[in-house]
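What follows is each chain in one-letter form.
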Amino acid sequence: MSPRTTRRLLTLHRRCGLFVCLNFVLLSATGVILVFHEEIDVLLGEVPEARGEGELVTLARAIEVAQASRPDASPVFLFREPDALPGVLIVGLSDGERRLEAADPVAVDRRGGALLGELDLRGSFTGLVLQLHAELLLGPFGKLLTGAIGLALLVSLLSGAMVYGPMMRRFSFGMLRVGRAPRTGAADLHKLLGGTTRGWTLVVAVTGILLSRGAVLLQVYATTELAALGAHHADAPLVTDLGSVDAAVASAEATDPGRDWAIVALPGSDLASPQDYSVLLQGRAGIERKLLTMALVDALAPERAEKHEFPWYIQALMVSEPLHFGDYGGWPLKIVWALLGLATLFVSLSGVWVFTRSRRDERARRRTEAIDVRPPYGEERAAPATATREAT
């Protein structure tokens, strides 16, 4: 690689790093908090507790209980998370459009069917941190901005590897030049931690870019492939009698043994036709719990269930969340993710400090050189007189 190319890549690395720095400090700090969002929600009492006794109520009964609290609202989805919300069913209700994102979650005790109340996910502490992390509290524009930050981070990582990779071959890995100027030590630590965490940071950057475009990808899927799957029921009247939901879930689980239902998009929602349930199924351990498959079930004939594989971009979106937040391997993985997040926080701050310190040192060196080469005051005054005598 020529010196000119190296200089250009170094300039690109520094400029992208400066653009990313303050934003990435915020994203790293909030990301570390979100790694432990489940534990924080429990600690702050944000998680509803199921205290009922007796037999499990049906899904249809849970929908009735939730809808009774808001008679004018329409049920949009069913959701459960046995690990984080044991014994609790979440029913999404919407007063307007039947969109999963716009629905308000209402908790119902699975045993006894008691109403546990409406959840304020966006107003909770971790909900606010998530909004700050995902959209910088700026709404859709914030998602575009975080996507741009992720892209700049990706460019900074790749350009840094291209510049410093060949350079560091001359030194032992992990070498720290002690006894030098503070800037030298900080630069060595920056390169060491940056190189060590580069693979993980690349994963976080790529998955963050995908997650920032998640709503767009889901909309594309809903209006193309999913719409084609439900085209035969597109003009059918909306099914409002949801008494068949339990049979539909059983039929969906039978299409993919070893998986259990996680989300049911009810008829008329943005992920289901007016006459179909879209049942999302999850695995039972590890990252398989985050990778969903889907079955379409006829609401009027729930024994008719058809398994459907998601397209590659939706599968990439689903795998991005657990890889981004590290919430698929229990406490050990969460601790590793948090430590890596703190390491990248140091890399970002140290890079800016080294850059600004080097610029300051360079300006000081130039001033010193200018003083050293400037003629003494007396010689400056004598020069015109000498020139006059020579002219005469």
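Residues numbered from 1 in each chain as written. Predicted model: local features only at pLDDT ≥ 70, side-chain atom pairs only at ≥ 80, totals over all residues. Heavy atoms only, no water.

Peer 1: I keep staring at the packing of aromatic side chains and nothing clicks. Help me out?
Peer 2: Aromatic ring pairs are described here by two measures, namely the spacing of the ring centres and the angle between the planes. Counted according to the given criterion, the structure contains four aromatic pairs. Pairing Phe-36 with Trp-331 gives two aromatic rings, centres 5.5 Å apart and planes at 35°, and the pair type is tilted. Here Phe-36 is found in the loop between helix 1 (3-35) and helix 2 (37-43), whereas its partner Trp-331 is found in helix 12 (residues 330-373), with 295 residues between them in sequence. Note on Phe-36: relative accessible area 17%, which makes it buried. Measuring from ring centre to ring centre gives 6.1 Å for Trp-200 and Trp-337, while their planes differ by 80°; the resulting arrangement is edge-to-face. Here Trp-200 is found in helix 7 (residues 198-212), whereas its partner Trp-337 is found in helix 12, with 137 residues between them in sequence. Residue classification places Trp-337 among the buried residues on the basis of a relative accessible area of 10%. (Phe/Tyr/Trp six-rings, centres within 6.5 Å; stacked < 30°, edge-to-face > 60°. Helix = DSSP H or I, 4+ residues; strand = E, 2+ residues; numbered from the N terminus. Buried < 20%, exposed > 50% of the residue type's maximum accessible area, 1.4 Å probe, protein only.)

Peer 1: Teacher, can you tell me more about the packing of helix 1 against helix 4 (residues 125-135) here?
Peer 2: Packed helix pairs are specified by the crossing angle of their axes together with the interaxial distance, meaning the distance between the axes. Between helix 1 and helix 4, the shortest axis-to-axis distance is 9 Å and the interhelical angle comes to 145°. Considering only the axes of helix 1 and helix 4, their crossing is left-handed. Taken together, the residues of helix 4 that come into contact with helix 1 (itself represented by Leu-26, Leu-27, Thr-30, Gly-31, Ile-33 and Leu-34) are Phe-125, Thr-126, Val-129, Leu-130, Leu-132 and His-133. Here the residues of the contact of helix 1 with helix 4 are counted per class, giving eight nonpolar, four polar and no charged. (Axes fitted to C-alpha atoms, helices over the stretch in contact; angles between N-to-C directions. Left-handed = near helix turned anticlockwise from the far one by under 90°. Contact = heavy atoms within 4.5 Å. Nonpolar A, V, L, I, M, F, W, Y, C, P; charged D, E, K, R; others polar.)

Peer 1: In this structure, what is going on with the side chain of Thr-126? I would like to understand it.
Peer 2: In this fold, Thr-126 is placed in helix 4. A polar contact is formed between the side chain of Thr-126 and the side chain of Asp-41, at a distance of 2.6 Å. Once residues within four sequence positions are removed from consideration, Thr-126 is found in contact with Leu-34, His-37, Ile-40 and Asp-41. (Polar contact = N/O pair within 3.5 Å; in protein donor to acceptor, adjacent residues only side chain to side chain.)

Peer 1: What should I look at first to understand the nonpolar core in this one?
Peer 2: Nonpolar side chains in soluble globular proteins tend to be buried together. Counting residues in hydrophobic clusters, the biggest one holds 28 residues, and the most contacted among them are Leu-78, Val-245, Trp-261, Val-264, Tyr-277 and Val-279. Broken down by secondary-structure element, the contributors of at least two residues to this core are helix 3 (59-69), strand 2 (88-94), strand 3 (104-109), helix 10 (245-255), strand 5 (260-265), strand 6 (276-282) and strand 7 (293-298). Broken down by element, the residue count for this core peaks at six residues, all from helix 3. Among the nonpolar cores identified, the runner-up in size contains 16 residues, and Ala-265, Phe-310, Ile-314 and Leu-317 belong to it. (Core = buried A, V, L, I, M, F, W, Y, C linked by side-chain atoms within 4.5 Å.)

Peer 1: Looking at this structure, I do not really get the packing of helix 3 against helix 10. What am I missing?
Peer 2: Put simply, helix 3 and helix 10 touch, their axes get as near as 7 Å, and they point 135° apart. One way to sum up the angle between helix 3 and helix 10 is to call them oblique. The segment helix 3 lies against helix 10, with Leu-59, Ala-60 and Ile-63 engaging Val-245, Asp-246 and Val-249. When the residues that make up the contact of helix 3 with helix 10 are grouped by side-chain class, the tally is five nonpolar, no polar and one charged. (Parallel < 35°, antiparallel > 145°, perpendicular 65-115°, else oblique.)

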